[in-house]
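Secondary and tertiary structure notes
These are the residues of each chain, in order.
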Amino acid sequence: MTYRIATDVGGTFTDAVLLDEVSGAVKFEKVPTTSRDFSQGTMNATDGFKVLLGEATFFVHGTTVAINILIEEKGAKTGLITTWGFRDIAEIGRSNRPNMYDPLYQKPKPFIERFLRLEVDERVSYDGRIIKPLNEMHVNEALKKLKENNAQSVAVCLFNSYANPFHEIRIGQILKESFPEASVSLSHLITREYREYERTSTTILNAYVMPIVERYLRNMEQRLIRRGFTHDLLIMQSNGGMMTSTTAMQQPVNMVESGPASGAIGAAVLGKRIGYLNLISYDMGGTTAKTALIENGAPRTTTEYKIKGHPLRIPIIDLLEVGAGGGSIAWIDSAGGLHVGPKSAGAEPGPACYGIGGVESTVTDANLLLGRLNPKYFLGGRMKIYPNLAKAAVQKIAEFYKMDLTDAAHGIIKIVNANMAELLRAMTIRRGYDPRDFVAVAFGGAGPGHIDALAQELKISKIVIPPVPGNFSAWGMLMTDLRHDFIQTFVKPISEAETGQLNEMYLALEKRGTEVLKHEGVSESNIQLVRAIDIRYLGQEHTLTVPIRGGIITEDEKELVCKSFDELHERTYHHSAPQEPKEIVNLRLVAIGVVKKPFLRKIKSGQEEPPIDAIKEKRAVYFEEEGFVDCPIYERERLLSGNLVNGPAVIEEPTSTTLIHPTQKLTVDLYGNLIISLEGD
């Protein structure tokens, strides 16, 4: 027997998926997240499979460790070494104001205090020529100051080092020889894209989290080794690919959205296999709700990403999220307004109904009081919850507003749904997309219980609920490949760019990508190299990324790239200017190490009428327009392909609960997906 395992650490629960590589059978586990040591929760989840980890050939892990460090500002004491005159770039930033009409807006506080931002004399031109050699005496002086102040990590970002990293490499050697106990982040190993502020910020963020992430991953590796695991630990990346833990220790900033990214990848793969290419992925867990847009079968990616106002210049799946989950706390402000989130009860103390110390009302407590959750079937009955504690928590809200308990619980749900509806609007309508043109894929423990109301609000006519939605992000990790993105800035009018130089630069990127993947154990036959190029009209600030064919670049290929750019500009902005000269800005390469994917297993087929034993009971469930309605409660695993369920109804399974609005109907497809649509569709 051989197995593949994926684990996803969330704010409230840790999810795991086990795939039997021979039979294709899949098992799922969900356990409370151990916030004091996330790796312990991961081990608890895998222990639930009762298999020997020595029989596992593949273990991929998604974690919120990196993003939590940055949000909570609990990283390592970090120093910066940069070119003379550039120590304040991380603080000055750019002159544009993200919140133009906010008179109280303040620029984000730098992660490195000014006295630890140190300068060395050196200079490299934009085209990589060394104008002034590195003054190593300055490097040693900076090193001395870093040691005196007990720095644990060092970010090195020199001006124009993306064009020539020679001086950065030398500083890295000096640090390794004279300060080996410190973690070191060299900017050219993280991003080779121009824009000094963004490049410096990205390098600082990487250095800030590196020592803590390294300890965490080494702890994970040791725990797995003690249980007999003999292969590389793989880590989910924010770009939708995987990397080995060794690579992750050097580039931990690539982990910031590792769990949410896997959900988007899973939605894209599932959509392709069942015939939907344009999707809105909607992931609501215990702490946050996340969404991504999938066009033509691929999630949108971006390099315009910020954490607490600090730019992160690496490819990341374009995700938006809001503090709205099952554990989101309902609270009343000083003016008497009711809010839900962003603070979450998390795994500890958890919602009041968990009975482990939480006393504030949460979304889970409200759903329980509205009949949407089964107190006897939480986590399939493995976790006891207490309706009386939920009632006591929500009663505080009801008493403040002098309303009954049901109205208070419904108010909590309406507010959290409004927050999430705004999230979906921001991803679609505000970007020029009509949500009616997309199919929603809802997952996470709480997602299937809220998507019915969101679909009603945004007029989304079709929803897909995958099997075991509470573990879907972990399942998505089994659908990902090893991936590394390489970017090289090369600013030149495309008409002046010599094909020989372009070919040479792409071959260099491909060599780097191939070496990294081979080092991670990928055979040459499983390596895919995908080229792209960032172009703009001459005089523009921003670029569009155009795919480019592999092989030798010719003048004809350059003309094809220009034509593709004009077409993409027309689709994106609804205008183009084919006669205008065009300028190359960046060359891009995605190096992919293809891994074996699990197949979707078909379920048993049945008639339109669900089996009698699929109905567990009837229960009063609250809907906004109808109030409490007696709903049939179905056990999901007893539903068959072809079954039809008309709303209102509830579909229960161990990791999630699906709510079907009275105006909706549900069908079960060949693979056990629940397809929800309006009754008239």
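Let us look at the structure shown here. Remember, it's a predicted structure, so these values are computed and weren't measured experimentally. (Residues numbered from 1 in each chain as written. Predicted model: local features only at pLDDT ≥ 70, side-chain atom pairs only at ≥ 80, totals over all residues. Heavy atoms only, no water.)

**Observations regarding the overall build of the protein**
When helices and strands are counted, the protein shows 16 helices and 35 strands. The globule rule puts the C-alpha radius of gyration for 681 residues at 26 Å, and the 26 Å found for the protein is close to it. Seen along its three principal axes, the alpha-carbon backbone of the protein occupies a region of about 80 × 60 × 60 Å. When burial is assessed residue by residue, the protein has 58% of its 681 residues classed as buried. Across the protein, the fraction of contacts at a sequence separation of at least 24, relative to all contacts at a separation of at least 6, is 69%. Counting only carbon and sulfur atoms, one obtains 52% of the accessible surface of the protein, whose full area is about 28800 Å². (Helix = DSSP H or I, 4+ residues; strand = E, 2+ residues; numbered from the N terminus. Rg over C-alpha atoms; globule rule 2.2 N^0.38 Å. Buried < 20%, exposed > 50% of the residue type's maximum accessible area, 1.4 Å probe, protein only. Contact = heavy atoms within 4.5 Å. Areas by Shrake-Rupley, 256 points an atom, 1.4 Å probe, with all protein chains shown as cover.)

**So, the pattern of salt bridges**
Evaluation of the coordinates by the stated rule reveals 43 salt bridges. With its nearest N and O atoms 3.0 Å apart, the salt bridge here joins Glu-652 to Arg-619. A residue pair is termed long-range when its members are at least 10 positions apart, and Glu-652 in strand S32 (residues 649-653) and Arg-619 in strand S29 (residues 615-623) qualify at 33 residues. Overlapping salt bridges bring together Glu-193, Glu-304, Arg-313, Asp-534 and Arg-588 as one network. (Salt bridge = Lys/Arg side-chain N within 4 Å of Asp/Glu carboxyl O.)

**Focus: the nonpolar core**
Counting 69 residues, the largest nonpolar core has Ile-171, Val-256 and Leu-312 as its most contacted members. Among the elements that take part in this core, helix H7 (residues 196-226) stands out by supplying 10 residues, more than any other. Residues in contact with Leu-312, not counting those within four places in the same chain, are Thr-202, Leu-205, Val-253, Val-256, Thr-303, Tyr-305 and Ile-307. Core analysis: the next-biggest nonpolar cluster, separate from the first, contains 61 residues, Ala-6, Leu-19, Ile-535 and Ala-591 among them. (Core = buried A, V, L, I, M, F, W, Y, C linked by side-chain atoms within 4.5 Å.)

**Considering the sheet that holds strand S6 (residues 117-120)**
With parallel pairing, 4 strands are arranged side by side in an open sheet as S6-S5-S9-S10. Here the strands that pair on one side only, and so sit at the sheet edges, are S6 and strand S10 (183-186). Strand-to-strand twist in this sheet, taken as the mean axis angle between neighbours without regard to direction, amounts to 20°. Where strand S5 (residues 78-83) and strand S9 (residues 153-157) come together, 5 bridges link them in parallel fashion. (Pairing = 2+ DSSP bridges. Axes fitted to C-alpha atoms, helices over the stretch in contact; angles between N-to-C directions.)

**Here we look at the pairing of strand S34 (residues 664-668)**
With 4 of 5 residues buried, S34 is to be regarded as a mostly interior element. Taken together, the 3 bridges between strand S31 (residues 644-646) and S34 define a ladder with antiparallel strand orientation. Each residue of the ladder has a partner; that of Val-645, found in S34, is Leu-666. For S34 and strand S35 (residues 674-678), the ladder comprises 5 bridges, and the chain directions are antiparallel. Each residue of the ladder has a partner; that of Lys-665, found in S35, is Ser-677. Connecting S34 to the next strand, S35, in antiparallel fashion are 5 residues, including Gly-672 with a positive phi near 85°.

**Description of the packing of aromatic side chains**
Enumeration over the complete set of coordinates arrives at 11 aromatic pairs. Seen in terms of ring centroids, Tyr-622 and Phe-628 are 5.3 Å apart; in terms of plane orientation they differ by 75°. Their pairing is edge-to-face. For Phe-628, a relative accessible area of 42% puts it in the partly exposed group. Through pairs of rings, three or more aromatic residues link up here, namely Phe-13, Tyr-354 and Phe-378. It is Arg-4 that lies over the ring of Phe-58; its NZ or CZ is 4.2 Å from the centre. Its guanidinium or amino end placed over the ring of Tyr-377, Lys-616 lies 3.5 Å from that ring's centre, counting from NZ or CZ. (Phe/Tyr/Trp six-rings, centres within 6.5 Å; stacked < 30°, edge-to-face > 60°. Lys NZ or Arg CZ within 6 Å of the ring centre and 35° of its normal.)

These values are about where atoms sit, not about what they do.
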